[in-house]
Structure formats: C-alpha cells, structure tokens
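Residue-level listing of the chains:
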Amino acid sequence: LATVIYAFASVWQLIELKHSTNISRDALVSVQRAFMTFKGINYTKVVKTPGSDESMPEGYDFVTYWENSGNTPAIHTIMYFDISEVPTGQVSSFPFLASRKDFNVFVVGPKVPFEYGTIIKPPDFCVPMKKNIRTYFWGWSCYRDVFSNTKPHLTEFCFDLVAVAKRGIGPVPKAFPTDLPTSFQ
C-alpha cells in the first residue's frame, strides 16, 4: 500500500512540476520575446539637382520606421508597406492585401531601430487632395520569436491622410520642404 501511495505522489509531483515549468517558460517568453514596434512614417521631398541621376524620380519619398523593442531577435521577419488611394465608396470593402507575394526574409536584432520600404510618389501626390479619394498609408510586419513552438506575431498599421497643409509662416529653412502632408489619422 505504501508503494502505491508513493507512486501516486510521485506522478502527482511530476504533473505539477511540468505545469510549473510551463508557467515559467510562458513568463520568460512573454518578457523576453521580440516585439516589432511601428514607429512612424518619414518623408522627404526628392528634387533633382545638377549632376544627379536623371532616372531618379522627383516627388515624395516615404519610408516606414520600426524597432524591435524586445530582448531577443525577431526571426523569419517579412514586411510590407503600401500607399493606397481608395475611392470613398469602396473604403469599407477595400481588402488591404499585399500586391506582391515575394518577400525578403530577415532577422532584426533586439533594441534595433531600422527603416523599411521606400515608396516614391509624384510631386502632385499630396497637393491638392483628390475629391472622393481616401489615401491610406498601411502595412505590416510578421515575425517569429527565437523561442521554439511560438506562433508568428503580426504588427499592423494604417493611417488615413486627412489634410495637407502648405507651410508658409515665416522663412522656411532650406533643409525643410514647404509642402508636406501634415495630418494623419
């Protein structure tokens, strides 16, 4: 009888030990895992200068900024960034699907800020805004943790360009363009 009780107690301890180990692992993963954080969109006005590459388009150059704010690398990372002009009547049914299927796969180290995706739009892209058209800046990052058996993580963003203002109050330093999108939702 003592052997049966001892065997039962040992099995119970083993089950509890596995449960405790799983809780500890989950806590470690939740604190140490990679966190891809969308930081924003930057833009510059691209102007041809004497001696510059003639094939370089003029307009606005948009790029997204990201950071892996976690403590471990983000592995098998793929990203997408797009600017879509959607007729107002089709906004609710617009699919926001990637227009390409071939993605570069890369690793992002912990605490590493970086930029991704360059989209150049023509000089008349923002001024004036088009009637009955909504302009969306959107994208995503899909990545995995270095920990085994974790599901892929997805970080998404979407901004609706709602206004464009001409900056014209006082002198504008040469380093700053004078007509840029200034309001996103």
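Structure: see above.
This write-up is about the structure you can find in this document.

Parameters at a glance
Residues numbered from 1 in each chain as written. Predicted model: local features only at pLDDT ≥ 70, side-chain atom pairs only at ≥ 80, totals over all residues. Heavy atoms only, no water. Helix = DSSP H or I, 4+ residues; strand = E, 2+ residues; numbered from the N terminus. Buried < 20%, exposed > 50% of the residue type's maximum accessible area, 1.4 Å probe, protein only. Contact = heavy atoms within 4.5 Å. Areas by Shrake-Rupley, 256 points an atom, 1.4 Å probe, with all protein chains shown as cover. Pairing = 2+ DSSP bridges. Axes fitted to C-alpha atoms, helices over the stretch in contact; angles between N-to-C directions. Core = buried A, V, L, I, M, F, W, Y, C linked by side-chain atoms within 4.5 Å. Salt bridge = Lys/Arg side-chain N within 4 Å of Asp/Glu carboxyl O.

Time to look at the overall build of the protein. Of the regular secondary structure elements, the protein holds one helix and eight strands. When the helices and strands of the protein are placed in sequence order, the string is α-β-β-β-β-β-β-β-β. Buried positions account for 31% of the 185 residues belonging to the protein. Taking as baseline every contact in the protein between residues at least 6 positions apart, the subset at least 24 positions apart corresponds to 72%. For the protein, the accessible area works out to roughly 12000 Å², and carbon and sulfur atoms hold 60% of it.

What the three strands build is an open sheet, ordered β1-β2-β5; its pairing is antiparallel. Of all the strands in the sheet, the pair left with one neighbour each is β1 (36-46) and β5 (112-121). Each strand axis lies, on average, 20 degrees off the axis of its neighbour in the sheet, ignoring direction. With 10 bridges connecting them, β1 and strand β2 (residues 59-68) associate as antiparallel partners. When the sheet's bridge partners are listed, Gly-40 is paired in β2 with Tyr-65.

Phi angles above zero are rare outside glycine, and Phe-96 is one such case at about 45 degrees. Looking at where Phe-96 falls in the secondary structure, it is placed in the loop between β3 (74-87) and β4 (106-108). Here Lys-111, not a glycine, exhibits a phi torsion of approximately 60 degrees, which is positive.

For the rest of this paragraph, the subject is the environment of Ile-75. Among the structural elements, Ile-75 can be located in strand β3. Residues Ile-75 and Tyr-143, 68 residues apart in the sequence, show an inter-C-alpha distance of 5.9 Å. Leaving out residues up to four positions away in the same chain, Ile-75 has contacts with Phe-106, Val-107, Tyr-143, Arg-144, Asp-145 and Val-146.

Let us now look at the nonpolar core. Of all hydrophobic cores here, the largest spans 21 residues; its most connected members are Met-36, Phe-62, Trp-66, Phe-81 and Phe-137. Looking at this core, the elements that each hand over two or more residues are β1, β2, β3, β5, β6 (133-144) and β7 (153-166). Judged by nonpolar contacts, the second largest core, of seven residues, contains Val-86, Ala-98, Tyr-136 and Trp-138.

This paragraph deals with the pattern of salt bridges. All told, the structure shown has two salt bridges when counted by the stated rule. Between Lys-39 and Glu-67 there is a salt bridge whose closest N-O contact spans 3.4 Å. Highlighted residues: Lys-39 in strand β1 and Glu-67 in strand β2, separated in sequence by 28 residues. We note a salt bridge from Asp-160 to Arg-134, for which the minimum N-O separation is 2.1 Å. Remark: Arg-134 occurs in strand β6 and Asp-160 occurs in strand β7; sequence separation between them is 26 residues. Judged by its relative accessible area of 6%, Asp-160 is buried. Assessed through its relative accessible area of 30%, Arg-134 is described here as partly exposed.

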